[in-house]
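Secondary and tertiary structure notes
Listed below, chain by chain, are the residues.
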Amino acid sequence: MNLKANRPVFIAIFIIIILMILVAVFSKIPKNPEETLGNTAGNILNDGLFTEVDGVVYFSNGADSGALYKMKPDETGVKKLLDREVCYLNVAGNYIYYYEKSDNNTGAFSFLGRNMGIYRCTLNGNSSYCLQKAPVKYICLAGNNLYYEYFATVANGDEADSGIGLYSVLIQNRGRTL
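In this report, we go over the structure that sits alongside the text. (Residues numbered from 1 in each chain as written. Predicted model: local features only at pLDDT ≥ 70, side-chain atom pairs only at ≥ 80, totals over all residues. Heavy atoms only, no water.)

1. Some words on the sheet that holds strand β8 (residues 129-132)
The strand order across the open sheet built from four strands is β5-β6-β7-β8, with neighbouring strands paired in antiparallel fashion. Each having just a single partner strand, β5 (86-92) and β8 make up the two edges of the open sheet. Pairwise comparison of adjacent strand axes, ignoring direction, gives a mean angle of 30° for this sheet. The pairing of strand β6 (residues 95-100) with strand β7 (residues 117-122) spans six bridges and is classified as antiparallel. Looking at the pairing, E100 lines up with G117 of β7. (Pairing = 2+ DSSP bridges. Helix = DSSP H or I, 4+ residues; strand = E, 2+ residues; numbered from the N terminus. Axes fitted to C-alpha atoms, helices over the stretch in contact; angles between N-to-C directions.)

Below, the structure is given as structure tokens:
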């Protein structure tokens, strides 16, 4: 075996390993303190359309088809973050957790199906990521878990019609638990 001839292969493998390590380290979602609450119970029961964190109000704008906005408490600095219908807003750390109500059954991309589910994005509306694709209700962030109500049916892709249950998904998206 000629080591000089294989040197570029070894260098390429080394670079790929380093890149994989960097991606794993820098893409990790930091944990929240256990006492973290993403919104109030009263607001969640009213579809979680508003929440305020660190002097910023995040809200679902009914005048713009429920799109996600942010503003200052004095109603200045209004800025659109997402052009999707959202509710059950929860904010903690560097992320907004929300339920996307959008139903993409019309238009050029109707073949993609429904976008309904629990999503996470950064505080400026970038990097949306689906944590749980399902029609759910009453999402509440507590610590590092998003708790939600879900009606399990075979029609939704579940193994059995088990009815309404309380489920959770980790903010790092490690799967749904009952």
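Now that the structure is up, let's keep going.
2. Some remarks on the nonpolar core
For soluble globular proteins, the rule of thumb is that nonpolar side chains tend to be buried together. Grouped together as the largest cluster of nonpolar side chains are 22 residues, with contacts concentrated most on Y97, V136, I139, L146 and Y148. Put simply, the parts of the chain that give this core at least two residues each are β5, β6, β9 (136-142), β10 (145-152) and β11 (163-170). It is β10 that provides the largest number of residues to this core, a total of four residues. Discounting residues that sit within four places of it in the chain, I139 has contacts with I44, Y88, N90, Y98, Y99, I118, L146, Y147 and Y148. Of all hydrophobic cores here, the second largest spans eleven residues; its members include L68, L82, L89 and Y98. (Core = buried A, V, L, I, M, F, W, Y, C linked by side-chain atoms within 4.5 Å. Buried < 20%, exposed > 50% of the residue type's maximum accessible area, 1.4 Å probe, protein only. Contact = heavy atoms within 4.5 Å.)

3. Some thoughts on the packing of aromatic side chains
All told, the structure shown has eight aromatic pairs when counted by the stated rule. When the ring of F50 is compared with that of F59, the centres are 5.9 Å apart and the planes differ by 15°; the resulting orientation is stacked. With a centroid separation of 5.6 Å and an interplanar angle of 25°, the aromatic rings of F59 and Y69 are classed as stacked. Of this pair, F59 sits in strand β2 (residues 56-61) while Y69 sits in strand β3 (residues 67-71), and the two are ten residues apart along the sequence. Residues F59 and Y69 agree in their burial class; the two are buried. One aromatic cluster is present, built from ring pairs that chain together F50, F59 and Y69. (Phe/Tyr/Trp six-rings, centres within 6.5 Å; stacked < 30°, edge-to-face > 60°.)

These figures capture arrangement, not role.
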